[in-house]
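Chain and residue survey
Each chain, letter by letter, is given below.
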Amino acid sequence: MENKQKKGVRLVLLPLPLQGHINPMLQLANILYSKGFSITIIHTTFNSPNPLNYPHFTFFSIQDGITDSSSLDLLHLVILLNIRCVTPFRDMLAKVISDARDNKEPVACLISDALFYFTQAVSNTLELPRIVLRTSGISSFVPFLLFPLLIERGYIPLQDSQLEETVTEIPPLKVKDLPLIDTKEPEKYYKELSNLVEGTKASCGVIWNSFEDLESSPLSYLRQEFQIPFFPIGPFHKYSSSSSSSSSSSSSLLTQDQSCISWLDRHKPNSVIYVSFGSLAAITAAKFMEIAWGLASSMHPFLWVIRKGMVIDDGKECLDPPFPAGFIDNLEGRGYIVKWAPQQEVLAHKAVGAFWTHCGWNSTLESICEGVPMICMPFFTDQKVNARYVSSVWKIGVQFEGEVKREEVVKMIRGLIEGNNKEGSQIRERVLDLKEKARVSWNHGGSSYTYLDALVNFILSFEPKR
């Protein structure tokens, strides 16, 4: 990627070592590099990116002490990283600042993942401005901000009798849509959210991987609550569409199976349902069977991503997908199974007519950018908020409101793929409209394009550490 009009200023970026966080951080790094900044990536040894895929960046690793993450859930992993990374990160950042000063390429600021809230204290100590990258949507940050109020008013902890009620403070979210996780230590989760919000407020500004036309209402609300500038400059992956698939591939922690693209090539436009539940979600064997039979009974071709360890049976990971005997053979070629897919390339393929998704923010945004309607099956945290916005605010998809049943699977797939009902055709029209708004946002004169210029000028306004 070309580094135009080199500014003689270096930026230090720190991604959270999870797939859904690494991708947007490295995409942002490419965007800022294209604006003339030199880029240093400080990363953990756990889930470290491959420096060989980014020869235009400088990489430094820090020891996080995590040798086996299998025993850690998401909550405890984030807590542990924010404890163990403090000293090694502070020492490494101080060295980078010193070396950059000696090379007459001063560091202007740190850009850290918002969940690495410990970096605010480190930045304060080193007198370095800190900007945070929030890799999830703007809409999902609102309930995080309001958690103390939601607890006070009795929405949290959840009660079965209230799950379908609307949260009047943040409509159209229902109580069941609140961004919670399944944990036996909810107080620790609430504390982490408080750390996230306070760390964000204490920063110099927030970069969002979103665009103004998509989330204008929550953006306006948060601007009233925060006294720092916001830069909604997404969708990141579309700034260089010619290299977006290669960029995604180079930052993937899992090996992408490119064979699915040639399989898609053999199918008619808008005929295939693409199914992927992200890099973390797990499903029970019983739910897996309902999904499998629903896909088969829809009689539409499907591309299904089944990660190793994605299916849980009796508390243990299934080594292989628990398909019934003869299931694949009976599909007569309608189904194609991969362990991981080049998702941006898949969603951009003309054969894909719908996306059955966990509604992680990257997946949601990528689907919008390609005009692909969604079937929503969220699992935890912000996915629940994203799914509600997809189905009830933007109205560009449908959502499972209860248990997944094969009959409902068939109904949803046929409604979106065949478009022979009013709801399905309207959903497709709306998502194509949002696709166009996304395209306008990142082009010259669009909102994201304008905010990116503002971000560049904001960074240059800092007095670099010389």
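- As annotated in an unreviewed UniProt entry, the protein chain is Glycosyltransferase from Arachis hypogaea.
- What the UniProt record of the protein chain gives under Sequence similarities (unreviewed entry) is the line "Belongs to the UDP-glycosyltransferase family."

1. Comments concerning the domain arrangement of the protein chain
- What the domain assignment lists for the protein chain is domain 1 (10-249 + 441-461) and domain 2 (258-439).
- The straight-line distance from the C-alpha centre of domain 1 to that of domain 2 is 27 Å.
- Contact residues are listed per partner, giving 37 residues for domain 1 and 28 residues for domain 2.
- Taking both partners together, domain 1 and domain 2 bury about 2900 Å²; carbon and sulfur atoms supply 59% of that area.
- Summed over the shared surface of domain 1 and domain 2, the result is three salt bridges.
- The residue K238 makes a salt bridge to E370 at a minimum N-O spacing of 2.7 Å.
- Where domain 1 meets domain 2, there are 14 residue pairs in polar contact (both at pLDDT 80 or more).

2. Concerning the pairing of strand β14 (residues 352-357)
- Counting buried residues in β14 gives six out of six residues, a clear majority hidden from the surface.
- As defined by bridge partners, strand β8 (residues 272-276) adjoins β14 across five bridges and the pair is classed as parallel. Each residue of the ladder has a partner; that of S276, found in β14, is T357.
- Across three bridges, the pairing between β14 and strand β15 (residues 374-376) is parallel. Pairing of T357 across the sheet is with C376, part of β15.
- Note that the unit made of β14, helix α14 (residues 361-369) and β15 has a crossover that is right-handed.

3. Some thoughts on the state of the cysteines
- Within this structure, the stated rule accounts for zero disulfides.
- No disulfide involves C85; its sulfur sits 20 Å from the nearest other cysteine sulfur, which is in C109.
- A residue is classified by how much of its surface remains accessible, and C85, at 0% relative accessible area, is buried.
- For C109, which is in no disulfide, the shortest distance to another cysteine sulfur is to C204 and amounts to 8.0 Å.

4. Let's talk about unusual backbone geometry
- Following I156, the chain continues to P157 via a peptide bond in cis, the omega torsion being 0°.
- Note that the residue after G234, namely P235, is joined by a cis bond; omega there is 0°.
- The phi angle at N47 is positive, at roughly 50°, despite the residue not being glycine.
- Position of N47 relative to the elements: it lies in the loop between β2 (38-44) and β3 (58-62).
- We note that M299 has phi near 65°; this positive angle belongs to a residue other than glycine.

5. Observations concerning helix α7 (residues 186-201)
- Taking 1.5 Å per residue, 16 residues should reach 22 Å; α7 reaches 23 Å between its end C-alpha atoms and fits that length.
- Of the residues making up α7, those classed as buried are Y189, Y190, E192, L193, N195, L196, V197, G199 and T200.
- Buried residues in α7 make contact with α2 (74-84), α4 (119-126), β5 (130-134), α5 (141-145), α6 (147-152) and β6 (205-208).

6. A short note on the packing of helix α11 (residues 285-298) against helix α16 (residues 406-417)
- Closest axis-to-axis distance for the α11/α16 pair is 8 Å, and the angle between their directions is 45°. Here α11 is positioned oblique relative to α16, judged by the angle of their axes. Remark: the crossing between α11 and α16 carries right-handed chirality. For the pair formed by α11 and α16, the contact residues are E290, W293, G294, L295, S297 and S298 on the first element and R406, V409, V410, I413 and R414 on the second.
- A class-by-class count of the residues in the contact of α11 with α16 yields five nonpolar, three polar and three charged.

7. Some details on the sheet that holds β14
- One open sheet accounts for six strands, arranged β13-β10-β8-β14-β15-β16; its pairing is parallel. Two strands lie at the open edges of the sheet, namely β13 (335-338) and β16 (397-399), each paired on one side alone. Adjacent strand axes in the sheet meet at a mean angle of 15° when their direction is disregarded.
- Of the strand pairs in this sheet, strand β10 (residues 302-305) and β13 are connected by four bridges, and their pairing is parallel. Its bridge partner being in β13, V305 is matched across the sheet by V338.

8. Points about the environment of I22
- Topologically, I22 is positioned in helix α1 (residues 19-34).
- In contact with I22, other than residues within four places in its own chain, are P15, L16, P17, N47, S251 and L253.

9. Concerning the sheet that holds strand β12 (residues 316-317)
- Ordered by their spatial adjacency, three strands build an open sheet running β9-β11-β12, and the pairing between neighbours is mixed. The open sheet is flanked by β9 (283-284) and β12, the only strands paired with a single partner.
- Bridging between strand β11 (residues 311-313) and β12 involves two bridges; their strand directions are antiparallel. Residue pairing in the sheet places D313 in a bridge with K316 of β12.

10. What to know about the pattern of salt bridges
- What the rule picks out here adds up to 16 salt bridges.
- Here K174 makes a salt bridge to E164, at a shortest N to O gap of 3.4 Å. Remark: E164 occurs in the loop between α6 and α7 and K174 occurs in the loop between α6 and α7; sequence separation between them is 10 residues.
- Through salt bridges that share partners, E164, K174, K176, D177, R388 and E401 make up one connected network.

11. Brief notes about α2
- Among all positions of α2, only L75, L77, V78, I79, L81 and N82 are buried.
- Contacts made by the buried residues of α2 are with β2, α3 (86-102) and α7.

The rules behind each value
Residues numbered from 1 in each chain as written. Predicted model: local features only at pLDDT ≥ 70, side-chain atom pairs only at ≥ 80, totals over all residues. Heavy atoms only, no water. UniProt positions renumbered as here; feature names shortened; annotations may be inferred. Domains from an automatic or database assignment. Contact = heavy atoms within 4.5 Å. Buried area = accessible area lost by both parts, 1.4 Å probe. Salt bridge = Lys/Arg side-chain N within 4 Å of Asp/Glu carboxyl O. Polar contact = N/O pair within 3.5 Å; in protein donor to acceptor, adjacent residues only side chain to side chain. Buried < 20%, exposed > 50% of the residue type's maximum accessible area, 1.4 Å probe, protein only. Helix = DSSP H or I, 4+ residues; strand = E, 2+ residues; numbered from the N terminus. Pairing = 2+ DSSP bridges. Right-handed = clockwise from strand over helix to strand, strands pointing away. Disulfide = S-S within 2.5 Å. Expected span 1.5 Å × (residues − 1). Axes fitted to C-alpha atoms, helices over the stretch in contact; angles between N-to-C directions. Parallel < 35°, antiparallel > 145°, perpendicular 65-115°, else oblique. Left-handed = near helix turned anticlockwise from the far one by under 90°. Nonpolar A, V, L, I, M, F, W, Y, C, P; charged D, E, K, R; others polar.

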